Amino acid sequence: MQHYLNFIDGQWRDSSSQLDVINPATAQAFATMAQASIEDADAAMTAAHRCAKSGVLTDVRPAQRTTWLLKAADAIREIAAEGALILCRENGKNLATAREEFDEAARYFEYYAGMADKIEGISVPLGKDYIDFTSYIPMGVSVQIVPWNFPVSICARSLAPALAAGNAVVVKSPEISPLGMILLFKALEKAGFPQGAINLLCGKGSEVGSCLVKHKYTNQIVFTGSVATGQRILKDAAERATPSVMELGGKSAAIAFADVDLEQLLRSVKVGIFYNSGQVCSAMSRLLVHRSRYDEVKNAVVGLAESLTVGIGENNAELTPVISHDQQQQILAMIAKARQEGANILTGGHAADLSGYFVLPTIIEASPEMSIAQQEVFGPVLVIMPFETEDEAVAIANGTDFGLVAGVFGESLNQTLRVANRLIAGQVFINEWFAGGIETPFGGVGLSGFGREKGQEAIFSYVQTRNIGIRLQHNV
Ligand code: NAD
């Protein structure tokens, strides 16, 4: 079995302990990963701190950082095919989806390469006796903790703007899916970033993750993951008042009005809840349908779920296994609870008769207050329910503790836009789930977190404002 290493201070380093990397499609281990220790975490933080303090990232003309990021984008494209295969094996995801992660990662580097030399401050008019200006300076060392569902693209999403802004970075990969990120770092190694600017550790969240969060050299935390871990990290971050970006979970609703185009809606349902087997923070996990179209839409959505090919990612099946046995059991337990609470399982609701960790595409009719309609499942499970009025639809959509994304479907621009403006969410899609891209700001409100990633706005998550005021003397 191939053994993979951590990247610390410009070198690939082994550790005394290791973990097995398991293919969710076969439930078999196929590689081993060095498991970073606290000493490794400390070495990575020391290297990043040294790099950030030395000025190699900030004394240069910003266009130098543009050059590094563009080289990184090219190098990522070169390894994309190889990387996608490894990511598909460790994560269970569809090969095409795995490839998209690497393509998206390259785009993040390209996009933020173009911003590295445009992070401009302002001058503040204070009358003839003063000159005053602001500049945006990097945080220093950015600690970035990545989840398993889209490890490569989420890693690039935070890493690229952080480097564009002149930070050094220590990334912690998820224990359960670390290999795609190793391929990503092998590409980044070719881009010529200064020694210590990028570091990658795979280790236990409660040990290595926690050590990075509390470390004296940590100037910023960027966390993407579950609400419970985010809350834990915020408590730890409070000790040193470390600024944090939190990208957490969701329970996002789509509202389909009476004038919805059914084919358009079905295309969105397919990607909204079944893409990556529903293991998407911004998944369409609730579908609210106007009563007048409810039976028609319900039957069509059930038909869609039952038509999906279920199989392994390497064969590009439409519905692939979920990441782990634990995740599968957690999803099935939530479905069992929904049944007990009186929800109606319209299709799916159980594991597939295959050797990997599969959960069949599941559609559940439930009422808004039931746990299955309130809690994030993180699997291929869609809750469907009817509504009568616009106000009722908005109240149900806004009626959870989350606020990541939402969607509105209908022909009337007046109605869809009016409702979009009433939804509590960082991003609202009209007539296409996941409309937007790496260019559009993304992030949540409520338990979905705070701070923004993607788009030009994200660069401001990776800088702090410095103001300099100068008193002029006119007595000469
Ligand atoms: P998780 O919270 O279990 O783990 C995320 C990361 O945190 C892992 O790398 C883990 O090792 C680390 N970690 C665990 N405990 C830690 C601690 N005490 N200190 C520091 N680090 C620690 O999440 P997951 O299961 O990997 O991912 C699924 C969750 O992520 C879902 O809730 C999903 O909605 C969310 N998510 C959010 C976004 C977004 O952009 N909003 C994107 C993807 C996933």
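These numbers were taken from a predicted model, which means no experiment stands behind them.

**Some remarks on the sheet that holds strand S13 (residues 284–290)**
Pairing within the open sheet is mixed, and its 7 strands lie in the order S14-S15-S16-S13-S12-S17-S18. Whereas interior strands pair on both sides, the edge strands pair on one side only; in this sheet they are strand S14 (344–347) and strand S18 (427–430). Recorded for the sheet is a direction-independent mean angle of 25° between the axes of neighbouring strands. Here 3 bridges tie strand S12 (residues 252–256) to strand S17 (residues 405–409), and the two strands are oriented parallel to one another. In the sheet register, Ala256 faces S17, and the bridge partner there is Phe409.

**Considerations on the sheet that holds strand S1 (residues 2–4)**
Note on sheets: strands pair through backbone hydrogen bonds, and any given pair is parallel or antiparallel. On the basis of which strands lie adjacent, the open sheet formed by 3 strands has the order S1-S5-S4 and mixed pairing. With partners counted over all chains shown, the strands left at the sheet margins are S1 and strand S4 (17–23), one partner each. Strand-to-strand, the axes of this sheet are offset by a mean angle of 30°, without reference to chain direction. Relative to strand S5 (residues 28–35), S4 is paired through 7 bridges, and the arrangement is antiparallel. Bridging across to S5, Gln18 finds its partner in Ala34. The strands touched by helix H2 (residues 62–91) are S1, S4 and S5; relative to S4, the strand with the most contacts, the crossing angle is about 90°.

**Section: the pairing of strand S16 (residues 381–387)**
Burial of S16 is extensive: 6 of the 7 residues sit out of reach of the surface. Looking at chain direction, strand S15 (residues 362–365) and S16 are connected through 4 bridges and run parallel. Residue pairing for S16: Thr362 is matched across the bridge by Val381.

**Focus: the layout of surface pockets**
Empty space within the largest pocket amounts to approximately 900 Å³. Surrounding the largest pocket, 39 residues form its lining, Phe223, Gly225, Ser226, Val227 and Thr229 being those nearest its centre. Contributing elements (two or more residues each) for the lining of the largest pocket: helix H6 (205–214), strand S10 (220–224), helix H7 (227–238) and helix H10 (325–340). No other element matches H7, which puts 6 residues into the lining of the largest pocket. Here the lining of the largest pocket spans two domains, and each of domain 1 (2–248 + 449–467) and domain 2 (253–438) adds at least three residues to it. There is about 590 Å³ of room inside the second largest pocket. In terms of lining, the second largest pocket is formed by 24 residues, of which the most central are Glu104, Tyr275, Ser282, Phe434 and Lys454. The leading source of residues in the lining of the second largest pocket is helix H3 (residues 95–113), at 4 residues. For the lining of the second largest pocket, the residue count by class is 13 nonpolar, 6 polar and 5 charged. Composition of the lining of the second largest pocket by domain shows at least three residues from each of domain 1 (2–248 + 449–467) and domain 2 (253–438).

**As for the UniProt feature "active site" (unreviewed entry) in the chain**
Mapped onto the present numbering, the UniProt feature "active site" (unreviewed entry) falls on Glu247. Checked against the element boundaries, Glu247 lands in strand S11 (residues 244–247). For Glu247, a relative accessible area of 2% translates into the label buried. In contact with Glu247, not counting residues within four places along its chain, are Arg157, Phe223, Thr224, Gly225, Phe442, Gly443, Gly444, Ser448, Gly451, Arg452 and Glu453.

Thresholds, definitions, all that
- Residues numbered from 1 in each chain as written.
- Predicted model: local features only at pLDDT ≥ 70, side-chain atom pairs only at ≥ 80, totals over all residues.
- Heavy atoms only, no water.
- Pairing = 2+ DSSP bridges.
- Helix = DSSP H or I, 4+ residues; strand = E, 2+ residues; numbered from the N terminus.
- Axes fitted to C-alpha atoms, helices over the stretch in contact; angles between N-to-C directions.
- Contact = heavy atoms within 4.5 Å.
- Buried < 20%, exposed > 50% of the residue type's maximum accessible area, 1.4 Å probe, protein only.
- 1 Å grid on protein atoms, 1.4 Å probe; cavity = no way out; pocket = protein on both sides within 12 Å on 5 of 7 lines; lining within 4 Å.
- Points joined across faces, edges and corners; volume = space filled by probe spheres on them.
- Domains from an automatic or database assignment.
- Nonpolar A, V, L, I, M, F, W, Y, C, P; charged D, E, K, R; others polar.
- UniProt positions renumbered as here; feature names shortened; annotations may be inferred.

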